[in-house]
Amino acid sequence: MRALIDSDSLVYMAYHVNKSNFDGQDLVNEIVFTAESMLFNIMDEAERQSGFDINDYQFFFTTCTKNFRNDIVEDYKANRVEQPKELYQALDAFMEVLSENYGVHFSETLEADDLIPQFIKTNGLKVTEYIIVRIDKDLAQIEGFHFNYYKNREGSYKGLSYIGKREAFKNFCKLILIGDSSDNIKGAKGVGEKGSDKLLKDKTEFGMWREVVKAYLKEEAGKERLKKNIQLMRLY
């Protein structure tokens, strides 16, 4: 079984754990050490919950300086705050450590979210041959086993799930409907989390997509905005 790991979040989480106690090179070192420790715990729990023998680890990072989505809309992720240099230094260091023993993947134009489905397609992997280890909800539009390493207040991981083809498509439709504020993508006007669930409930794939189109066509220039949002939110 291959683990396909969306890895940026590990470093960001490790940064927030350590930023108040260290600075400079000490902070970089502590971020890398903490990210490694988190990774070991996550993979141990993923194996425990799934019962899989995970013997291949592939790590995916978002390092793109020429993100193709910025060619679609100029303000993609424009609301993101610039992070301190130590965080980027730790990302580079973590990638270097991992590359000594595992596959490390990054691109000038694609995000980690895009590289994971691309890896699946390029290698002809069946859904029984990989588990996606992630926090990012965008990856929930990919069919297969998932391990979500988001922790609740009690300290438990969100954990293992299997996302079937229909559910994966539903997740994509939901993303299109509600948008993604963290990426500065606005969804259909007046549609939130609960509204999207209501629109998509008990629908076929055709029925779900019809609801998406109807929601956007209520807006002026909604058709063009829908086209752009599909390009922004679909994984390549």
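Rules used in this analysis
- Residues numbered from 1 in each chain as written.
- Predicted model: local features only at pLDDT ≥ 70, side-chain atom pairs only at ≥ 80, totals over all residues.
- Heavy atoms only, no water.
- Helix = DSSP H or I, 4+ residues; strand = E, 2+ residues; numbered from the N terminus.
- Buried < 20%, exposed > 50% of the residue type's maximum accessible area, 1.4 Å probe, protein only.
- Areas by Shrake-Rupley, 256 points an atom, 1.4 Å probe, with all protein chains shown as cover.
- Lys, Arg positive; Asp, Glu negative; His and termini not counted.
- Charge placed at Lys NZ, Arg CZ, Asp CG, Glu CD.
- Pairing = 2+ DSSP bridges.
- Axes fitted to C-alpha atoms, helices over the stretch in contact; angles between N-to-C directions.
- Parallel < 35°, antiparallel > 145°, perpendicular 65-115°, else oblique.
- Left-handed = near helix turned anticlockwise from the far one by under 90°.
- Contact = heavy atoms within 4.5 Å.
- 1 Å grid on protein atoms, 1.4 Å probe; cavity = no way out; pocket = protein on both sides within 12 Å on 5 of 7 lines; lining within 4 Å.
- Points joined across faces, edges and corners; volume = space filled by probe spheres on them.
- Nonpolar A, V, L, I, M, F, W, Y, C, P; charged D, E, K, R; others polar.

1. Details of the overall build of the protein
Across its full length, the protein carries eight helices and eight strands. Projected onto its principal axes, the C-alpha positions of the protein cover 55 × 40 × 40 Å. Per-residue burial over the protein gives 46% buried out of 236 residues. Roughly 13000 Å² of accessible area belongs to the protein as shown, and the carbon and sulfur atoms make up 49% of that amount. Side-chain charges in the protein split into 33 positive and 39 negative, and the spacing between the mean points of these groups amounts to 12 Å.

2. Some details on the pairing of strand β6 (residues 157-163)
Bridge analysis of strand β5 (residues 144-151) against β6 gives six bridges, and the strand direction is antiparallel. Following the sheet pairing, Asn148 is matched in β6 by Gly159.

3. Some words on the sheet that holds β5
The six strands lie next to each other as β3-β2-β1-β4-β5-β6, forming an open sheet whose pairing is mixed. Each of the sheet's edge strands pairs with one partner strand only, and the pair in question is β3 (103-105) and β6. Each strand of the sheet is rotated relative to its neighbour by a mean of 20°, with strand direction disregarded. Two elements, strand β4 (residues 130-134) and β5, share four bridges in a ladder whose sense is parallel. The residue bridging Val133 from the neighbouring strand is Phe147, located in β5.

4. What to know about the packing of helix α1 (residues 8-18) against helix α3 (residues 85-99)
Put simply, α1 and α3 touch, their axes get as near as 10 Å, and they point 130° apart. As summarised for this structure, α1 and α3 are arranged oblique, according to the angle between their axes. Crossing geometry of α1 relative to α3 is assigned as right-handed. Of the residues in α3, those in contact with Asp8, Leu10, Val11, Tyr12 and Tyr15 of α1 are Leu87, Ala90, Leu91 and Phe94.

5. What to know about empty space enclosed by the protein
Across all of its chains, the model carries one cavity of 30 Å³ or more by this definition. As a volume, the largest cavity reaches approximately 80 Å³. Around the largest cavity, the lining residues are Arg69, Tyr76, Glu111, Asp113, Asp138, Asp180, Asp183, Ile185, Leu232, Met233 and Leu235. Class assignment for the residues of the lining of the largest cavity results in five nonpolar, no polar and six charged.

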